[in-house]
Amino acid sequence: MSFASIDTFESALASLTRPDGAAIAAAQARQAQLTKPAGSLARLEEIAIFFAGWQGRERPRIDRGRVAVFAGNHGITVHGVSAFPADVTVQMVANFRAGGAAINALAKAADLELIIVPIDLDTPTADFTVAPAMSEAECLAALSAGAEAVEPGLDLIVVGEMGIGNSTAAAALATRSFGGAVADWTGPGTGLDGAGIARKIDVIERALQHHGSAPMTPFETLRRVGGREIGAIAGAILRARQLGIPVVLDGFITTSAIAPLAVANPDITAHCIAGHCSAEPGHQKLLDQLGLAPLLRLDMRLGEASGGAVAVNIIRSALAAHAQMATFAEAAVSGRE
């Protein structure tokens, strides 16, 4: 599946599928009969019911879960917005493929298949302080690359990214989508010092001023101040919604991909779970805007879908408790009077 035109993308965003109400009711009824005080497993109960709705079955499961890590290069690195050089993106993609990165270990620990999707790494996006990051065709190609990483039969997908400079793009996306001061959305990324953060803020402010008269549509925001891997994440999230597949978001950069979409249609977050809240300062602010409560707070800031993969272990626990616990009747335990 691909987004062949802007209209195709916008139509998909305007007509979002809904969870299965009957499956939600059945899962809620089962939770009420399990051998525990009502609500005592708290968020684990909510997760099980959430997955029941999107999977359309009373006892949801993860037989086939996937991590998709998208990679892209950014032209704005010419402004020194990252502590690492741009060629690290290519080097880390090689590391992913060799099995040597954190996400390789964490995906395996969570029993998730891992795919790596590099997108035109030899062609960085344009410097978005003076031009759109991507042409319309390039943005559609990025959206389609994300959509093609999501296929029927998946029970869950975790989306992640790799791209030196992309925390700058994420802060620009968040600011253009939800407003406020650029400084409130901008953090150290890969480890910038105070001077580096100030430089990063200046780059974003110049970019937003340059694109200030551009249409405030999801597509235009993504193509003007986003990146190929961020566009791909947006495409993957939207395609997952079309297929009714739950999405686990990773950190600030991954979450920024959904920001422009949520401005146009806030319901886009309904099939998403925030895996964690990262140490990047803008992430909690962004989660608040999207109405998402993170499963974990581990002060992680790596990216690569690492926090999302760790969160899947919590999700598996929630589904196991929901499916495997006995009911009061089965266990011959007296229920609540």
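Residues numbered from 1 in each chain as written. Predicted model: local features only at pLDDT ≥ 70, side-chain atom pairs only at ≥ 80, totals over all residues. Heavy atoms only, no water.

## Looking at the overall build of the chain
Worth spelling out the cut-off: What counts as a helix is a DSSP run of H or I of at least four residues, what counts as a strand is a run of E of at least two, and both are numbered from the N terminus. We take the radius of gyration over the C-alpha atoms and set the globule estimate at 2.2 Å times the residue count to the 0.38 power. We call a residue buried when its accessible area falls under 20% of the maximum for its residue type, exposed when it is over 50%, and partly exposed in between, using a 1.4 Å probe and counting protein chains only. Any pair of residues with heavy atoms lying within 4.5 Å of one another is described as a contacting pair. With residues, only the protein chains shown are counted as cover, and all accessible areas are computed by Shrake-Rupley using a 1.4 Å probe.
Looking only at helices and strands, the chain features 16 helices and five strands. Computed over the C-alpha atoms, the radius of gyration of the chain is 20 Å, within 12% of the 20 Å expected from 2.2 N^0.38 for a compact globule of 337 residues. Structurally, the chain occupies a C-alpha span of about 70 × 40 × 35 Å along its principal axes. Relative to its full complement of 337 residues, the chain shows a buried share of 56%. For the chain, the proportion of contacts with a sequence separation of at least 24, taken over those separated by at least 6, is 81%. Carbon and sulfur atoms form 53% of the exposed surface of the chain, whose accessible area is close to 12,800 Å².

## Some words on the side chain of T168
Here T168 shows up in helix 7 (residues 166–178). For T168, a relative accessible area of 0% puts it in the buried group. In contact with T168, other than residues within four places in its own chain, are I76, V81, F128, K200, V203 and I204.

## Re the environment of A105
Within the secondary structure, A105 is located in helix 5 (residues 102–109). As a C-alpha pair, A105 and Q28 span 77 residues in sequence and 34 Å in three-dimensional space.

## Some points on unusual backbone geometry
We note that E304 has phi near 65 degrees; this positive angle belongs to a residue other than glycine. For E304, a relative accessible area of 4% puts it in the buried group.

## Considerations on the pattern of salt bridges
Rules: For salt bridges, the criterion is a side-chain nitrogen of Lys or Arg within 4 Å of an Asp or Glu carboxyl oxygen.
A complete count under the given rule lists 15 salt bridges for this structure. Among the ionic pairs, E151 bridges to R64, the shortest N-O distance being 2.8 Å. With E151 in the loop between helix 6 (136–148) and strand 3 (156–162) and R64 in the loop between helix 3 (43–55) and strand 1 (65–71), this residue pair connects regions lying 87 residues apart in the sequence. Salt bridges sharing partners connect three or more residues here, namely R64, R66, E113 and E151.

## Section: the sheet that holds strand 5 (residues 272–274)
So the rule is basically this: Here, strands pair whenever DSSP counts at least two bridges between them. Lines fitted to C-alpha atoms define the axes here, with helix axes fitted over just the stretch in contact, and angles between the N-to-C directions of these axes take values from 0 to 180 degrees.
Spatially, five strands are ordered 2-1-3-4-5 in an open sheet, and the strand pairing comes out parallel. At either end of the open sheet lies a strand with only one pairing partner, and these are strand 2 (113–118) and strand 5. Here the strands of the sheet are splayed against their neighbours by 25 degrees on average, with no regard to which way each runs. With six bridges joining them, strand 1 and strand 2 adopt parallel strand pairing. When the bridges of strand 2 are listed, V69 appears paired with I116.

## Focus on the UniProt feature "active site" (unreviewed entry) in the chain
Keep this limit in mind: UniProt positions are given in the numbering used here, feature names are shortened, and annotations may be inferred rather than shown by experiment. Here a polar contact is recorded for every N or O atom pair within 3.5 Å, except that within protein the pair must consist of a potential hydrogen donor and a potential acceptor, and residues adjacent in sequence are included only if both atoms are side-chain atoms.
Look at the UniProt record and you will see "active site" (unreviewed entry) annotated at E304. The residue E304 is located in the loop between helix 14 (282–290) and helix 15 (306–324) in this model. Excluding its chain neighbours within four sequence positions, the residues that come into contact with E304 are V69, M92, F96, A101, A102, I103, G160, E161 and D250. Polar contacts involving the side chain of E304 include one to the main-chain amide nitrogen of I103, which spans 3.3 Å.

## A closer look at helix 7
The following threshold applies: Between the first and last residue of a helix there are one fewer steps than residues, each counted as 1.5 Å, and that sum is the expected span.
The end-to-end C-alpha distance of helix 7 is 18 Å, a good match for the 18 Å that 13 residues give at a rise of 1.5 Å each. The set of residues buried in helix 7 consists of N166, S167, T168, A169, A170, A171, A172, L173, A174, T175, R176 and S177. Downstream of helix 7 by one or two residues, G179 has phi in the positive range, about 80 degrees.

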